[in-house]
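# Structure assessment
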Amino acid sequence: MARPSVTMEVGDDAVAVITISNPPVNALAIPIIEGLKEKFVEATRRNDVKAIVLTGKGGRFSGGFDINVFEKVHETGDVSLMPDVSVDLVVNIIEDSRKPIVAAIEGLALGGGLELALGCHARISAPRAQLGLPELSLGIIPGFGGTQRLPRLVGLSKGIEMMLTSRPILSEEGKKLGLIDSIVSSEELLKVSRMWALAIAERRKPWIRSLHRTDKIGSLSEAREILKVARQQASITAPNMPQHQVCLDVIEEGIVHGGYSGVLKEAKDFKKLVLTDTSKGLVHVFFAQRSTTKVPNVSDIGLKPRHIKKVAVIGGGLMGSGIATALILSNIKVVLKEVNLEYLMKGTKMIEANVRGLVTKGKLTRDKADKILSLLKGVLDYTEFKDVDMVIEAVIEKIPLKQTIFSEIEKACPSHCILASNTSTIDLHLVGEKTTSQDRIIGAHFFSPAHVMPLLEIVRTEKTSPQVILDLMTVGKVIKKVPVVVGNCTGFAVNRTFFPYSQGSHMLVHLGVDLFRIDRVIKKFGLPLGPFQLQDLAGYGVFMATAKQFRDAFPDRTFQSPLIDLLIKSGRNGKNNGKGYYIYERGNQPKPDLTVLPVIEESRRLADIMQGRKPITVTDQEIVEMVLFPVVNEACRVLDEGIVVRASDLDVASVFGMSFPSYRGGIVFWADLVGPKHVYSSLKKWSELYGSFYKPSRFLEERATKGMLLSQPASSSAAASRARL
């Protein structure tokens, strides 16, 4: 692999072209930053250089600062590993240069890459280049002066929006906003940039230092009003993420006391944020997501993925229609099979509604939507299955039905066809029991709604072939999912890890804790819904079916709550009939239904686990721990049994499949931050008070007593795991 380098060429026109080279995205690694300082100083010193152009090699300007440095800072706690770029390079060497510097942008200028360009005296771009400052998505703020220069170039409101949402814009919008001075073809980019740089040197074009501009900021009172509204919005949309409020404080510092003062505060606050748990969690998820496709004996044995052109989906219900939608949106032909015309029409209509919904939101044109829908064909038999590359079964969770379907598709499909099941809990050995093609059977577990939720849990048995696993991982990436390969057991990795989540909440309710308080506390912790509102939305049938699966598989550590049975008997069915723990009325937010309280009291009487009929007293922190530590405990068993390749895969799965807050780094990462000793001692104490549901696993006990992290790889060969087979 080519080493990171910065080169400089001086042309006959007396323009020095400084080029960043660090494939694939020209990340600003420390050697690049040192190289930039050196080349800019040399160009400024040389008498044969009148002006400078900064660009990136290989059609990309720069994707930003090298995130690997953050990982090193998090490992060591040493923030001095962060180079001084903002003042040292961007202010002193680039912006205050005695020779004009023009940024020639192509492909992308993100994060630190855009910040370098903002420090230049003009920006020329090729069409459709991506421009953005996504630092807040990593728990930090822009650190090379972006908080100060971006609002001065695009206006305060737009600058705040770009930073707080982390969403990039295209160079065309950048031109309208004043961020880009001119858009030219890729072929003309360097030529025009050189001419522009000379024109500035000869005073034929303005020499603009963006840090000193104030014309787009407005009056102090207007700016403060915009910042006040942004603070209020951030407190609602990102309540547990300090970087949003810090970013706004830093912007305000620059408006009140001048751009340079803002740059100094930015550098100081950036270094504080890098060391926060929020940044550690978000950076961990960033890297963990990129490692899920590194699967031993699959991705490292020289196999090439086969091209999946046509997929059959069996079952057009909520899951099947969502899966079909995800496939056709990525240009994969779909055959949707149902048992009768009525069900087929319903499934087809759901898929159409999903696609047309994207047109309404402005994410698709009508023509594009028509083309996408033309990839879908509805059928009532297996005739169209003769040339499919993969079948995904998405029918109800009934073992005999799935077994019948698998024996039928084995006969109807070509011999290379992948036979996948979307089951969420059933052991794949049972699903494929009546087939002879065990090497082609795999779990393709999508999360509802399947066209929206980003996780694809790929479940393999010890017989699934590496080629089939690789092919499904590739399909996952094509349809923009995050694929995580796991082993085969009841509930697989994600649902198995999280089955104690609802049970722990029910346990708390039966110990006398207010149900609506539990929901509020869990939501405040960062999950999108509390456990009880989630049950209302998912439907009680789903809860009962999965609870039975886990009760049968893990009888020693399940809590049998009578509450759902009582709710159904009292005529409640959650959101399905508008009445559950909450009342659901069209057009209104769900609100707690206080008439459910007598049902809860009856359930407490039946369960009879409250000692002396006296409710326990708990803090909000204890509620979080009593609900989530049992989840951590089950995650430990999943790790111990080798159901996942690595602990970080479980973190990714918890974030993208269960909406565990990404800024907490995933379930295992969060437990390591809290401390395995604290998790273990808490569970031990509760197991003595309330029974075996809380009993710590052997793996957790071992890690806690040895002072090891839960995420540390197992040293013994106990990790000859199912996921690594």
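Owing to the predicted nature of the structure, the values given are computational and were not obtained by experimental measurement.

Cut-off values and rules
- Residues numbered from 1 in each chain as written.
- Predicted model: local features only at pLDDT ≥ 70, side-chain atom pairs only at ≥ 80, totals over all residues.
- Heavy atoms only, no water.
- Pairing = 2+ DSSP bridges.
- Helix = DSSP H or I, 4+ residues; strand = E, 2+ residues; numbered from the N terminus.
- Axes fitted to C-alpha atoms, helices over the stretch in contact; angles between N-to-C directions.
- Phe/Tyr/Trp six-rings, centres within 6.5 Å; stacked < 30°, edge-to-face > 60°.
- Buried < 20%, exposed > 50% of the residue type's maximum accessible area, 1.4 Å probe, protein only.
- Lys NZ or Arg CZ within 6 Å of the ring centre and 35° of its normal.
- Salt bridge = Lys/Arg side-chain N within 4 Å of Asp/Glu carboxyl O.
- Parallel < 35°, antiparallel > 145°, perpendicular 65-115°, else oblique.
- Left-handed = near helix turned anticlockwise from the far one by under 90°.
- Contact = heavy atoms within 4.5 Å.
- Nonpolar A, V, L, I, M, F, W, Y, C, P; charged D, E, K, R; others polar.
- UniProt positions renumbered as here; feature names shortened; annotations may be inferred.
- Expected span 1.5 Å × (residues − 1).
- Domains from an automatic or database assignment.
- Patch = residues over 30% accessible without salt bridge, like charges linked within 9 Å, V, L, I, M, F, W, Y side chains within 5 Å.
- Areas by Shrake-Rupley, 256 points an atom, 1.4 Å probe, with all protein chains shown as cover.

## Focus: the sheet that holds strand β11 (residues 333-337)
In spatial order, the strands read β12-β11-β10-β13-β14-β15-β16-β17; together these eight strands make up an open sheet with mixed pairing. Every other strand in the sheet has two partners, leaving β12 (376-379) and β17 (482-486) as the edge strands with one partner each. Geometrically, the sheet is characterised by an average inter-axis angle of 25° between neighbouring strands, direction not taken into account. Two strands pair when backbone bridges link them, and strand β13 (residues 390-393) and strand β14 (residues 418-421) are joined in this way by four bridges, in the parallel orientation. Bridge assignment links Glu-393 to a residue of β14, and that residue is Ser-421.

## Describing the packing of aromatic side chains
All told, the structure shown has 20 aromatic pairs when counted by the stated rule. Geometrically, the ring pair formed by Phe-70 and Phe-270 is tilted, given 6.3 Å between the ring centres and 50° between the ring planes. You can see Phe-70 sitting in helix α2 (residues 68-76) and its partner Phe-270 sitting in helix α11 (residues 259-274), a full 200 residues away along the chain. Pairing Phe-629 with Trp-686 gives two aromatic rings, centres 6.0 Å apart and planes at 35°, and the pair type is tilted. In this pair, Phe-629 is assigned in helix α25 (residues 620-640) and Trp-686 in helix α28 (residues 676-690), connecting sequence segments 57 residues apart. Neither residue differs from the other here; Phe-629 and Trp-686 are each classed as buried. Pairwise contacts between aromatic rings join Phe-525, Phe-629, Phe-660, Trp-670, Trp-686, Tyr-690, Phe-693 and Tyr-694 into one cluster. For Lys-205, the ring lying beneath its charged end belongs to Trp-196, and the centroid distance is 4.0 Å.

## A closer look at the pattern of salt bridges
Opposite charge on two side chains makes pairing possible when the charged atoms of those side chains draw close. The final tally for this structure, using the stated rule, is 41 salt bridges. Notably, a salt bridge pairs Glu-634 with Arg-557, separated by 2.7 Å at the nearest N-O pair. Of the two residues, Glu-634 sits in helix α25 while Arg-557 sits in the loop between α22 (540-553) and α23 (563-569), which places them 77 residues apart along the sequence. Here the two residues Glu-634 and Arg-557 agree in accessibility, since each one is buried. Of the charged contacts, one joins Glu-702 and Arg-698 as a salt bridge, the two residues approaching to 3.7 Å between their closest N and O atoms. Of the two residues, Glu-702 and Arg-698 are both situated in helix α29 (residues 698-706); the distance of four residues between them amounts to about one turn of the helix. The exposure class assigned to Glu-702 is partly exposed, which follows from its relative accessible area of 30%. Through salt bridges with shared partners, a single ionic network connects Arg-496, Asp-556, Arg-557, Glu-634, Arg-637 and Glu-641.

## So, the pairing of strand β1 (residues 5-10)
In this sheet, strand β2 (residues 15-21) lies alongside β1 in antiparallel orientation, the contact comprising six bridges. Counterpart to Val-6 in the pairing with β2 is Ile-20.

## Describing the packing of helix α19 (residues 494-510) against helix α20 (residues 515-525)
Orientation of α19 relative to α20, taken along the N-to-C sense of each, is 140°, at an axis distance of 9 Å. By the angle between their directions, the pair α19 and α20 is classed as oblique. As for how α19 packs across α20, the hand of that crossing is right-handed. Of the residues in α20, those in contact with Tyr-501, Ser-505, Leu-508 and Val-509 of α19 are Leu-515, Ile-518 and Ile-522. Tallied by class, the residues present in the contact of α19 with α20 amount to six nonpolar, one polar and no charged.

## Some points on the UniProt feature "domain: 3-hydroxyacyl-CoA dehydrogenase NAD binding" (unreviewed entry) in the protein
According to UniProt, the positions carrying the feature "domain: 3-hydroxyacyl-CoA dehydrogenase NAD binding" (unreviewed entry) are residues 310-488. Between the first and last C-alpha atoms of residues 310-488 the distance is 26 Å; the span itself is 40% helix and 21% strand.

## Some details on the environment of Ala-234
As for its position among the elements, Ala-234 is in helix α9 (residues 220-237). Ala-234 gets classed as buried once you look at its relative accessible area, which sits at 3%. Through-space distance from the C-alpha of Ala-234 to that of Thr-365 is 31 Å; in sequence the pair is 131 residues apart.

## Overview of helix α18 (residues 466-478)
In a regular helix each residue adds 1.5 Å, so 13 residues correspond to 18 Å; α18 covers 18 Å between its end C-alpha atoms and thus fits that length. Inspection of α18 places Gln-467, Val-468, Ile-469, Leu-470, Asp-471, Leu-472, Met-473, Val-475 and Gly-476 among the buried residues, and these make up the whole buried set. Elements in contact with the buried residues of α18: α13 (318-329), β13, β14, β15 (441-446), β16 (455-459) and β17.

## Remarks on the sheet that holds strand β9 (residues 182-183)
Across the sheet, which stays open at both edges, the six strands sit in the order β1-β2-β3-β4-β6-β9 with mixed pairing between neighbours. The open sheet has two edge strands, β1 and β9, and neither has a second partner. Each of β1, β2, β3 (51-56) and β4 (101-105) is contacted by helix α1 (residues 30-45), which is oriented at about 20° to β1, the strand it contacts most.

## Here's the deal with the domain arrangement of the protein
We note that the domain assignment places domain 1 (5-275), domain 2 (313-488) and domain 3 (494-706) within the protein. On a C-alpha basis, the centroid separation for the pair domain 1 and domain 2 is 44 Å.

## Re the UniProt feature "domain: 3-hydroxyacyl-CoA dehydrogenase C-terminal" (unreviewed entry) in the protein
When the UniProt feature table is mapped onto this chain numbering, "domain: 3-hydroxyacyl-CoA dehydrogenase C-terminal" (unreviewed entry) sits at residues 491-584 and 623-707. With 61% helix and 2% strand, residues 491-584 has end C-alpha atoms that lie 30 Å from one another. Between the first and last C-alpha atoms of residues 623-707 the distance is 25 Å; the span itself is 73% helix and 0% strand.

## What to know about a nonpolar patch on the surface
On the surface, Leu-341, Met-345 and Leu-380 cluster together into a nonpolar patch covering about 290 Å² of accessible area. Its place among the elements puts Leu-380 in the loop between β12 and β13. Looking at Leu-380, the relative accessible area reads 42%, which means it is partly exposed.

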